[in-house]
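As a plain string of letters, each chain reads:
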Amino acid sequence: MANRFKVDCRKYPSDKGCTVVISGALDEVVELGWLHAKMHHAHKEEEEKELKDWIRNNAEAAND
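Residues numbered from 1 in each chain as written. Predicted model: local features only at pLDDT ≥ 70, side-chain atom pairs only at ≥ 80, totals over all residues. Heavy atoms only, no water.

Asker: Help me understand the nonpolar core in this model?
Answerer: A general trend in soluble globular proteins is that nonpolar side chains are found buried together. Core analysis: the biggest nonpolar cluster contains nine residues, these being Val7, Ile22, Val29, Val30, Trp34, Ala37, Leu51, Ile55 and Ala59. Secondary structure elements with two or more residues in this core: α1 (26–40) and α2 (48–58). Take this core: its biggest share by element is four residues, from α1. (Core = buried A, V, L, I, M, F, W, Y, C linked by side-chain atoms within 4.5 Å. Buried < 20%, exposed > 50% of the residue type's maximum accessible area, 1.4 Å probe, protein only. Helix = DSSP H or I, 4+ residues; strand = E, 2+ residues; numbered from the N terminus.)

Right, here's the structure in full:
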């Protein structure tokens, strides 16, 4: 079974007060985290690499 990771929007400042938690394999969390940031938090295409790197470096182990 693959290790699971998560990113929890509640831990980061947001104008929307986002409550989304994304969990799964690290590559899935990075990709879905980026898509969520772009679609719901208005991040720009040119931020993709930087934001994906940030997500990869800040994802936490999921305890489930």
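Asker: I'm lost on the packing of α1 against α2 in this one. Help?
Answerer: Relative placement of two packed helices is described by the angle separating their axes and the distance separating the axes. Relative to each other, α1 and α2 sit at 130 degrees, their axes nearing to 9 Å. For the element pair α1 / α2, the angle class is oblique. The way α1 lies across α2 gives a crossing that is right-handed. Touching Leu26, Asp27, Val29, Val30, Glu31, Gly33, Trp34 and Ala37 of α1 are Glu48, Leu51, Lys52, Ile55 and Arg56, all from α2. Residue composition of the contact of α1 with α2, grouped by class: seven nonpolar, one polar and five charged. (Axes fitted to C-alpha atoms, helices over the stretch in contact; angles between N-to-C directions. Parallel < 35°, antiparallel > 145°, perpendicular 65-115°, else oblique. Left-handed = near helix turned anticlockwise from the far one by under 90°. Contact = heavy atoms within 4.5 Å. Nonpolar A, V, L, I, M, F, W, Y, C, P; charged D, E, K, R; others polar.)

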